[in-house]
Amino acid sequence: MSIQTQETGCSFLSKTPDRVFSPEEFAKDEQLMIDQALQFSRKEVVPLAERIDAQEDGLMPGLIRKAGEIGFCGIDSPADHGGLGLGKNLAARILEFLSLNASFSVTYGVTSGIAQLGLSLFGTEAQRAEYLPRLASGEWIGAYALSEPNSGSDALSMSARAERQGDKWVLNGTKMWISNAKWAEFFLVMAKIDGQDVSAFLVERSFPGVSVSREEHKLGLKGSSTARLVLENAEVPLENLLYEPGKGHHVAFNALNIGRFKLAAMSLGPAREAIWEATQYAMDRKQFGRSISDFGLIRQKLADMVAHYFAVEAALYRTGANIDAAFAAHGGTVDGNRAAAEEFAVECSAVKILATEAEARIVDEALQLYGGYGFTEEFPLARIYRDCRVSRIYEGTNEINRVFLADRLKRRADAGRASLVASGDSFASELAGKAMAKFGSDQVTVGALSDLLLLTYAEQSARLRAQQVGGVAQLAYERFTNWANIQAAMAYQTVTGEPVALPSSRPGHVDELADAILATRSPI
Amino acid sequence: MKILVPVKRVVDPYAKVKPLPDGSGLDVAGVKFDVNPFDEIAVEEAVRMKERDPSVSVTVVSIGSGDCEEQLRKALAIGADEALLVETTDEMDSTVVAAELEAVVRQVGPDLVLMGKQATDDDCNQAGQMLAARLGWPQATFACKIETAQGSVRVTRETDNGEETLDVPLPAVVTTDLRLNEPRYIALPGIIKARSKPLSRQPRATTAAPKTRTIRLEPPPSRPPGRRVGSVDELVAALRERGAL
């Protein structure tokens, strides 16, 4: 994949690029990697869903090792320490296809992603050599420990402490909601040195004073491990401080920026699986002597699934290509990596919100299509439905992301690094431009502004992708835009209090889109 | 030992395809292509032999358009050492393929040609047999197990009457059946390595012309809907009614 992009962070608002990277453009051998991910998911993971949910002993670590043997656990880490250095965009596409089962996806996503990312971006040569090979091979499972019982969205208010005692750090505190805690041999832990300076530490499970509490009982993702990491006078070697004392927030938040981008990919996987299952059901299920896939309201759901998937995918892989370009231009040094990971922070939040809300919509409608059977455990949608609920909660709730998004764009503009003058080349863009002038500080206004911005981004990404791909893609774009325009009008009214006339809607294309999704049981 | 594995680029066997409106061929716009699954089994088997015995080398060959590079790279990613692409857009049938492969065999000099028993696009099941005949080599078709020995291979083949075991002196042509092995997941480092493995292109070596030609392609007539019966008696009655019994 060659990366050619002129975009900078937030430039989508003021300037529409000539083209965007679209997922059709992954090279042939990259498609082969993606295909391996799909085969692995379908054959090795999805059939075990029930056993995975029961947390059968050794099953998940075994799957991670198997994934590691194929090379999946090191796709995003540098090639000099057992990784493959594939780039963030291809790694995200592979992640999407490894995410058909959400419990596996979380386990895999954390150990291949945020558990390694801090090391990749900020680690010294010795630190990288020590830990990356074991994580990249799948021999070890990794975890990332930031949240605490009283420090969730307000992450920097953490109370975990680190004190230097002679030749070691001594850590105390409790980390909560730690994915992979049960299986992890390695934790990236955030704690405040002397209760002041947020810092990142590389902590092995076997260090004295490190323990893991019982599993949380969760609504979904029952096959993934979520538990507390307890640090009681945990002894950590001095050289296991990552980056600089007091700069742990750079490690934490950059992991979150990229983590949000990745979560978007992880959210599309279950939606893809819901489509795979529900389309087959719609063709097989006969009522009134016909397949229910012939009925108008079912076909409408199918058409909406295609349209939303298409648009979110467009925004996601456009963002990934831009992130790769930023790393190519700035990365290499620690400061450069930091700048690259921060450049598209607004877009990362946008795709996190877009993908997780599209996932919720697609999975919900897929379940609905089963009628009463969707509500039973006989069919796979009940599990997918439970599992996907958390997507809108973690990696920053969608509310936190909405507060962050418009605010961050405004700050960038105030610093002269972005323009608030909207290109106005779509309805959403036009409204976003007008509304940004009324930037307010209350959360509801900021949230609605963020909606306008992310709708602008999605519409523009889908439009450019459709232009490049043609055919049924154009229809998916138009259907998505009908929906996006209504959302934009509502958000605009929230900000300004003024009503706004909707542009006339495009044809619905229900039949063409429904036929397209039924033909392959997959998004277009 | 040197193994040659012919690899055919075929329409993804799971894709739904339709004939072109004029019946001149298939509408393959937007359709994925893959390695013929029987050939992938042959590549897998050859690579396993190489893993057991490092003196084995594996060459893969495709005959077709430049797009075949995609399938050859896949074979290289599985573990083949080098690839050869006989580049042509000519129409071909099994006789042409066998003639071209004969030329490739004489050029490459393998001890064993291992290939799919048939391709999933036209299901001819002829090229391997024709190649063996042209070369005057022994052949063993429908292999479900292959063991190597000094100067020969022992091939277990699936027949309608059960399994048959043949000792075949080398050089020979062996065609593979579905149950020979289950191809591995292709490790990502292998895919990266395949980018830099040698792949050479050359034009056709023969002027063989196809002995068959496609007149028209049309979809099979749609099947009338079935009917559910409640009991064996009802089934028998229904079959009688249609004159099937």
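Quick caveat: nothing in here was measured; it's all calculated off a predicted structure. (Residues numbered from 1 in each chain as written. Chains lettered and ligands numbered in written order. Predicted model: local features only at pLDDT ≥ 70, side-chain atom pairs only at ≥ 80, totals over all residues. Heavy atoms only, no water.)

K.L.:
Mind showing me how you'd approach the overall build of chain B here?
P.N.:
In terms of regular secondary structure, chain B is built from six helices and 13 strands. When its C-alpha atoms are laid out on the principal axes, chain B stretches across 65 × 45 × 40 Å. In chain B, which comprises 245 residues, the share counted as buried stands at 44%. In chain B, 71% of the contacts between residues at least 6 apart in sequence involve partners at least 24 apart. By element, 50% of the accessible surface of chain B is carried by carbon and sulfur atoms, the whole surface being about 13,300 Å². Mean positive and mean negative side-chain charge positions of chain B (32 and 37 charges, respectively) differ by 2 Å. (Helix = DSSP H or I, 4+ residues; strand = E, 2+ residues; numbered from the N terminus. Buried < 20%, exposed > 50% of the residue type's maximum accessible area, 1.4 Å probe, protein only. Contact = heavy atoms within 4.5 Å. Areas by Shrake-Rupley, 256 points an atom, 1.4 Å probe, with all protein chains shown as cover. Lys, Arg positive; Asp, Glu negative; His and termini not counted. Charge placed at Lys NZ, Arg CZ, Asp CG, Glu CD.)

K.L.:
What exactly am I supposed to notice about the packing of helix α11 (residues 345-368) of chain A against helix α12 (residues 381-388) of chain A here?
P.N.:
When two helices pack together, their arrangement is given by the angle between the helix axes and the distance between those axes. Residue and element names in this part refer to chain A. Interaxial distance between α11 and α12 falls to 10 Å at its minimum, and their mutual angle equals 155°. Judged by the inter-axis angle, α11 sits roughly antiparallel to α12. For the crossing formed where α11 meets α12, the hand is left-handed. Packed against α11, whose contacting residues are Glu359, Ala360, Val363, Asp364, Ala366 and Leu367, the element α12 presents Leu381, Ala382, Ile384, Tyr385 and Cys388 at the interface. Across the contact of α11 with α12, the residue classes break down as nine nonpolar, no polar and two charged. (Axes fitted to C-alpha atoms, helices over the stretch in contact; angles between N-to-C directions. Parallel < 35°, antiparallel > 145°, perpendicular 65-115°, else oblique. Left-handed = near helix turned anticlockwise from the far one by under 90°. Nonpolar A, V, L, I, M, F, W, Y, C, P; charged D, E, K, R; others polar.)

K.L.:
Got a minute to help me understand helix α13 (residues 398-414) of chain A in this structure?
P.N.:
Helical periodicity: at 3.6 residues per turn, an α-helix aligns residues three or four positions apart in one direction. All names here are of chain A. Between its terminal C-alpha atoms α13 stretches 24 Å, which fits the 24 Å expected from 17 residues at 1.5 Å a residue. If you check which residues of α13 are buried, you get Asn398, Asn401, Arg402, Leu405, Ala406, Leu409, Arg412 and Ala413. Angularly, the buried residues of α13 cover 130° about the axis, an arc narrow enough to put them on a single face. Residues Glu399, Arg411 and Asp414 are exposed on α13 and point more than 90 degrees away from its buried face. Elements that come into contact with the buried residues of α13 comprise α8 (248-284), α10 (334-343), α11, α14 (427-436) and α15 (443-469). Directly after α13, the chain includes glycine 416, whose backbone phi takes a positive value near 80°. (Expected span 1.5 Å × (residues − 1). Arc of directions from axis to C-beta.)

K.L.:
Teacher, can you tell me more about the confidence of the model for chain B here?
P.N.:
Predicted coordinates in areas of low pLDDT are best not read in detail. Predicted confidence across chain B gives a mean pLDDT of 95, with 100% of residues reaching 70 or more. Taken together, the chains of this predicted complex give a pTM of 0.93 and an interface ipTM of 0.91. (pLDDT = per-residue confidence, 0-100.)

K.L.:
Before we go on, may I ask you to explain the interface of chain B and chain A in this structure?
P.N.:
Interface size is commonly expressed as the accessible area that is lost once the parts come together. Every contact between the two is made by 14 residues of chain B and, on the other side, 21 residues of chain A. Between chain B and chain A, the buried area comes to about 1,400 Å², and carbon and sulfur atoms account for 66% of it. Of all residues in chain B, B:Tyr185, B:Leu188 and B:Ile191 give up the largest surface area on contact with chain A, accounting jointly for 48% of the area buried on that side. Our count for the chain B to chain A interface comes out at three salt bridges. A salt bridge links A:Asp29 to B:Arg195; its shortest N-O distance comes to 2.6 Å. (Buried area = accessible area lost by both parts, 1.4 Å probe. Salt bridge = Lys/Arg side-chain N within 4 Å of Asp/Glu carboxyl O.)

K.L.:
Sorry if this is basic, but what is going on with empty space enclosed by the protein here?
P.N.:
Picture a little ball the size of a water molecule; that probe, rolled over the atoms, points out where space is still empty. Residue and element names in this part refer to chain A. Taken as a whole and assessed by the stated rule, the structure comprises five cavities of 30 Å³ or more. Here the largest cavity defines a volume of roughly 70 Å³. In this structure, the largest cavity is lined by 14 residues; those nearest its centre are Ala102, Met266, Glu359, Ser391 and Tyr394. Residue assignment for the lining of the largest cavity shows that the elements contributing at least two residues are α5 (102-112), α8 and α12. Counting residues per element, the lining of the largest cavity draws most heavily on α8, at four residues. If you add up the space inside the second largest cavity, you get close to 40 Å³. In terms of lining, the second largest cavity is formed by Ile75, Asp76, Ala91, Ala92, Leu95, Tyr108, Gly109, Ser112, Gly113 and Lys262. For the lining of the second largest cavity, the elements supplying multiple residues, two or more each, are α4 (88-97) and α5. Along the lines of polarity and charge, the residues of the lining of the second largest cavity split into five nonpolar, three polar and two charged. (1 Å grid on protein atoms, 1.4 Å probe; cavity = no way out; pocket = protein on both sides within 12 Å on 5 of 7 lines; lining within 4 Å. Points joined across faces, edges and corners; volume = space filled by probe spheres on them.)

K.L.:
Looking at this model, I keep getting lost on the environment of A:Val251. Mind explaining?
P.N.:
All names here are of chain A. On the secondary structure map, valine 251 appears in helix α8. By relative accessible area, which is 1% here, valine 251 ends up buried. Once the C-alpha coordinates of valine 251 and phenylalanine 122 are considered, the two residues, 129 residues apart in sequence, prove to be 7.3 Å apart. Ignoring sequence-local partners within four residues, the contact set of valine 251 consists of Gly118, Phe122, Leu188, Met190, Ala200, Leu242 and Tyr243.

K.L.:
I would appreciate a short explanation of the packing of aromatic side chains in the present structure.
P.N.:
Remark: the centre distance and the inter-plane angle together describe each pair of aromatic rings, the angle taken between the planes. A full pass over the atoms with the stated rule returns 17 aromatic pairs over all chains. Where A:Phe26 meets A:Tyr317, the ring centres are 6.0 Å apart and the plane angle is 80°; that geometry is what we call edge-to-face. Pair noted here: A:Phe26 is in the segment before α1 (28-45) and A:Tyr317 is in helix α9 (residues 296-330), with a separation of 291 residues, a long-range link. A:Tyr317 matches A:Phe26 in its accessibility class, with the two residues each being buried. What links up through ring pairs into an aromatic cluster is the set A:Phe40, A:Phe72, A:Phe104, A:Tyr108 and B:Tyr185. Stacked on the ring of A:Trp140, the Lys or Arg A:Arg134 has its end atom at 4.1 Å from the ring centre. Residue placement shows A:Arg260 over the ring face of A:Phe404; its charged tip is 5.6 Å from the ring centre. (Phe/Tyr/Trp six-rings, centres within 6.5 Å; stacked < 30°, edge-to-face > 60°. Lys NZ or Arg CZ within 6 Å of the ring centre and 35° of its normal.)

K.L.:
Explain a nonpolar patch on the surface here, please?
P.N.:
Together, B:Val17, B:Leu26, B:Val28 and B:Leu217 make up a nonpolar patch on the protein surface, roughly 260 Å² of accessible area in all. With respect to the element layout, B:Val28 can be found in the loop between β4 (26-27) and β5 (33-35). (Patch = residues over 30% accessible without salt bridge, like charges linked within 9 Å, V, L, I, M, F, W, Y side chains within 5 Å.)

K.L.:
What am I meant to see in the pattern of salt bridges here?
P.N.:
All names here are of chain A. Taken as a whole and judged by the stated rule, the model has 61 salt bridges over all chains. Residue lysine 262 pairs with aspartate 76 through a salt bridge whose shortest N-O separation is 2.5 Å. On the criterion of sequence distance, the pair formed by lysine 262 in helix α8 and aspartate 76 in the loop between α3 (59-70) and α4 is long-range, its members being 186 residues apart. On the basis of relative accessibility, which here comes to 8%, the residue lysine 262 falls in the buried class.

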